[in-house]
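The chain contents come next:
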Protein chains: 2
Amino acid sequence: MTVIKAALLGFGTVGEGVYTAIQTHQTHLRCILGAEVEIAAILIRDSEKERKIDADILVTTNFEDILNIPDLHVIFEAIVGEEPGYTYLQQAIDRGLHVITANKVMFAKYGEYLIHRSRQKGVKIGFEATTAGGVPIIRTIQQLLQVNQITKIQGILNGTSNFILTEMRKRKLSFDEALELAQQKGYAEADPTNDINGKDAFCKLMILSQLIFGEQPNWSEVGIDGITSITQEQIEHTESLGQRYKHIAQISKIGNSIHATVKPIVVNSDHSLYSIEGVENAISIEASLVGKITLQGPGAGKLPTASAMIEDFVDIFQKEPIHERKLEYQVQGL
Amino acid sequence: MTVIKAALLGFGTVGEGVYTAIQTHQTHLRCILGAEVEIAAILIRDSEKERKIDADILVTTNFEDILNIPDLHVIFEAIVGEEPGYTYLQQAIDRGLHVITANKVMFAKYGEYLIHRSRQKGVKIGFEATTAGGVPIIRTIQQLLQVNQITKIQGILNGTSNFILTEMRKRKLSFDEALELAQQKGYAEADPTNDINGKDAFCKLMILSQLIFGEQPNWSEVGIDGITSITQEQIEHTESLGQRYKHIAQISKIGNSIHATVKPIVVNSDHSLYSIEGVENAISIEASLVGKITLQGPGAGKLPTASAMIEDFVDIFQKEPIHERKLEYQVQGL
């Protein structure tokens, strides 16, 4: 049976999720693809750490080891931050590997270029996992709403912010108490700065902008507000009016001009994002034919994010012939 | 430029929606497909009725006229009821035409056979529009959740029922008053029997069952209840408890056994379908990797249903080469 060889970059929550998902869905993957999926190698940062990884998988701290694996087909990138993710993906694409990434900070900035480069090299790039975790928003837009012209998107794209706002309202916690609870439950990062200042949601919004409009607004012109200035009193007051604070990233195009904002908005009970609670993400899409549709689901987490990456993986290999990898080295003459 | 020739069967709300959608999105369709989309013919029932149709389109009451169009590629079927839709689609498939249908009653019963027959004939069958109108639930399951094993679905699949329940609660209307309002607004059919007795939602649930589990439960063993027995008093009582009546079609598989029900259910405010109001449809999917995701949107209507059909259309022609239609007639010798 044909074997599809994959490597994982990163073995944190998401990387381990992909590993688990492939192991637990091996039979089903074989059915869909008619091929065996083999995790050939895992790139880690700290070689001292104990991990539960099969003994026959190459575990390395050196990316060159990954690139040198014969007949590697695809790389799952689950590293945090712009670098080294960006450099690794460029190198992988140049070697003719398909890539699947969950790295929103990197992809918001370099996604357009990586897509361009992957087309030149004839490989595919999956980035469903960069935005809204398990919610299949990227491929819904790419594949299911092709004729529809999307005019506007509104989304709750950061689960931590939404969790904090929900807890402040429901349980009358202060901002600090709600944040601490989010950290205890493992929703917020150890450093939650980008969750609560709106930058995480902003990155996802820029990825959506590129996808929908083929371009991004000038970053410096986008108003980005987080949830840190919202007080318990404001939340109580809005609740007494039957309203709720939601942290909403929205983007629309009017004429040739893209308007994007990321900020807390007070919404009424008839708003499509009013009922999105806790760590959930949701995105409302307004489009020319369908009108408005809303997708809701887990915006983060081990298996939901792995779900997005594995579904990208299957999409790539259903459409692409599984060929021997063409190594781009030169045979030197004597 | 290549031309894709299409015919419409039926020119009611949905048929006219497809016609409008193709006309208004012609440039965009050309971009996506690299081909011109031509509506070559429209099958109607009543030749006396006035319609706004371009003069160069064949308008006929005879399906044979449609089948005899040279180089026809695809049929959009938007007829109500099992027949003549089923017979027409069989004939179209046998002639090597792709088909796209919005006919849920027919497809719930004959969908499996039509899919089988279309595979034999090497043509595609799109049925996104049969279930939940503009909400892209069929292709989300088919294409975006392939690795995920779906274990359960709960849906509000009939907009009229949901509208009536919403109006009974919000505006304290009686069942009859709410139904009349639904008819005035054009949400309910002239004969709303199958909307309010649960059979419409049942058909859609059976289509989902076939898609997810590859089979349907024995129809006679599925409990089907509509909303006709729900009183204003019951609705007031549940509301006083912070709960709501929702008409929910649900299906799950435990071991080898499929469990399906269609009935009003009292849900709490943390239920994923609690906030679905008015004519909206919504479907919650529980799956092995992603957990739970919910899709919400317009469950019916001219353009939303046309949206589903046009997106199916593009999906078919992006994947299939546009070839000369092979007419299956025999050249007889002398």
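Residues numbered from 1 in each chain as written. Chains lettered and ligands numbered in written order. Predicted model: local features only at pLDDT ≥ 70, side-chain atom pairs only at ≥ 80, totals over all residues.

Below, the discussion takes up the packing of helix 5 (residues 104-121) of chain B against helix 10 (residues 199-213) of chain B. Residue and element names in this part refer to chain B. In contact at an axis separation of 8 Å, helix 5 and helix 10 are set at 30° when each is read in the N-to-C sense. Between helix 5 and helix 10, the crossing angle belongs to the class labelled roughly parallel. With respect to the hand of their crossing, helix 5 and helix 10 are arranged in left-handed fashion. Residue-level inspection shows K104, V105, F107, A108, G111 and E112 of helix 5 in contact with helix 10, the latter providing C203, K204, M206, I207 and Q210. Class assignment of the residues belonging to the contact of helix 5 with helix 10 gives a composition of six nonpolar, two polar and three charged. (Axes fitted to C-alpha atoms, helices over the stretch in contact; angles between N-to-C directions. Helix = DSSP H or I, 4+ residues; strand = E, 2+ residues; numbered from the N terminus. Parallel < 35°, antiparallel > 145°, perpendicular 65-115°, else oblique. Left-handed = near helix turned anticlockwise from the far one by under 90°. Contact = placed C-beta atoms within 7 Å. Nonpolar A, V, L, I, M, F, W, Y, C, P; charged D, E, K, R; others polar.)

Time to look at the confidence of the model for chain A. Averaged over chain A, the pLDDT score is 94; the fraction of residues at 70 or greater is 96%. For residues 324-334 of chain A, every residue scores under 50 in pLDDT, and the model assigns this stretch eight contacts once sequence neighbours within four places are set aside. (pLDDT = per-residue confidence, 0-100.)

Its rotation angle being 180°, the transformation that places chain A on chain B also includes 0.0 Å of axial translation and leaves an RMSD of 0.0 Å. What we have between these two chains is a two-fold relation. No C-alpha of chain A approaches the rotation axis more nearly than that of L295 of chain A, which lies at 2.4 Å. Interface overlap between copies: 100% of the residues of chain A at the interface are likewise at the interface in chain B, consistent with a symmetric, same-surface contact. (Least-squares fit on C-alpha atoms with pLDDT ≥ 70 in both.)

Moving on, we come to the sheet that holds strand 9 (residues 244-254) of chain B. Taken in spatial order, the 12 strands of this open sheet run 8(A)-10(A)-9(A)-7(A)-11(A)-12(A)-12(B)-11(B)-7(B)-9(B)-10(B)-8(B), and their pairing is mixed. Edge positions in the sheet fall to strand 8 (223-224) of chain A together with strand 8 (223-224) of chain B, since each of these pairs with one other strand and no more. Sheet topology note: the strand 9 of chain B/strand 10 (residues 257-267) of chain B ladder contains 11 bridges and is antiparallel. Within the sheet, the bridge partner assigned to Y245 of chain B lies in strand 10 of chain B and is V266 of chain B. (Pairing = 2+ DSSP bridges.)

Attention now goes to the interface of chain A and chain B. Tallying the contact residues gives 35 residues for chain A and 35 residues for chain B. Listing elements by their share of the side of chain A that touches chain B, those giving two or more residues are helix 2 (26-33), helix 6 (137-144), strand 12 (291-298) and helix 12 (302-319) of chain A. Looking at the side of chain A that touches chain B element by element, the count peaks at eight residues for strand 12 of chain A. Grouping the amino acids of the side of chain A that touches chain B by side-chain chemistry returns 18 nonpolar, 14 polar and three charged. Taken together, the three bridges between strand 12 of chain A and strand 12 (residues 291-298) of chain B define a ladder with antiparallel strand orientation. Paired with T294 of chain A across the two strands is Q296 of chain B, which belongs to strand 12 of chain B.

Turning our attention to the domain arrangement of chain A. All names here are of chain A. The domain boundaries assigned to chain A delineate domain 1 (3-133 + 302-319) and domain 2 (137-298). Summarising the inter-unit geometry, the C-alpha centres of domain 1 and domain 2 are found 27 Å apart. In this complex, domain 1 contributes 13 residues to the contact, which on the side of domain 2 involves 13 residues. Considering each element in turn, the side of domain 1 that touches domain 2 owes the most residues, six residues, to helix 5 (residues 104-121). Among the residues making up the side of domain 1 that touches domain 2, the classes are represented as six nonpolar, four polar and three charged. (Domains from an automatic or database assignment.)

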